[in-house]
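The primary structure of each chain is shown beneath.
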Amino acid sequence: MSNTNSILLCDSSPELFDSAIQSDGAKESVMDHIITWTLKQAVITEENKSSLLYQYSRRVLCRLLGLNELSSSLYFSNVSTAMQVPIRGSKKKIDFICSATCIDGDTTKEYWLLSEDKYYGGINNDLLSYRHYFESKLPQNVISKCVLITKMHSSDNKIEKYKTTCKSFGFEVFSLDKLVDIESKDTSSDIFNEFWLRLWG
């Protein structure tokens, strides 16, 4: 159910949104912005390493990449994102690509993540062209993964069919409610709290 008092609908929200978020497409744009912003908060610094915002953001990125979020020696030294990545020779665009440098003890690995974000929209063959283009651009020695992040709740009776279809295109599906534990305490960020902890939208 939409919340007309939502901070995510305000013109004053940091360079992310306008006041007209009515269609799935516009809501997916909100998802793109907040999820990429969240992933950047997963980079460890002396100032943020004890903050809830950092800890929850690290959790999101670990879950998307399939890494052990409980490992005390695992951290991200760099995270970069690019949104609306154009596919050459096509009008299609990838929602976002994330690159992350992960350090776990004495081991450093580079990850690239392709993400397609869906509010409740359907799935089509575009996922296959996104994955093929993404894989053609991967540097050597990079671990890659393709994911679809959806607002559809993990308990929705349509989610298993959604997962099966996406798997056939090489994508793993994540519901927003499975990326952050919604019973968690609030962070210092109102935007993070509403989007992730209040299950925005």
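Because the structure is a prediction, the values reported are computed rather than measured.

Quick notes on the rules
Residues numbered from 1 in each chain as written. Predicted model: local features only at pLDDT ≥ 70, side-chain atom pairs only at ≥ 80, totals over all residues. Heavy atoms only, no water. Helix = DSSP H or I, 4+ residues; strand = E, 2+ residues; numbered from the N terminus. Contact = heavy atoms within 4.5 Å. Areas by Shrake-Rupley, 256 points an atom, 1.4 Å probe, with all protein chains shown as cover. Pairing = 2+ DSSP bridges. Axes fitted to C-alpha atoms, helices over the stretch in contact; angles between N-to-C directions.

1. Things to note about the overall build of the protein chain
Along the backbone of the protein chain there are 5 helices and 5 strands. Across the protein chain, helices and strands are ordered from the amino to the carboxyl terminus as α-α-β-β-β-α-β-α-β-α. The contacts of the protein chain with a sequence gap of at least 6 include a subset with a gap of at least 24, amounting to 57%. Counting every atom, the protein chain has about 10,600 Å² of accessible surface; 48% of that belongs to carbon and sulfur.

2. A few points about the sheet that holds strand E1 (residues 74-86)
Read across the open sheet, the 5 strands follow the order E1-E2-E3-E4-E5; overall the sheet is mixed. Strands with a single pairing partner mark the edges of an open sheet, and in this sheet they are E1 and strand E5 (172-175). Adjacent strand axes in the sheet meet at a mean angle of 30 degrees when their direction is disregarded. Packing against the sheet, helix H2 (residues 52-65) makes contact with E1, strand E2 (93-104), strand E3 (107-118), strand E4 (142-150) and E5, and its axis sits at approximately 70 degrees to E1. Of the strands in this sheet, E3, E4 and E5 are in contact with helix H4 (residues 159-168), which crosses E5 at around 145 degrees.

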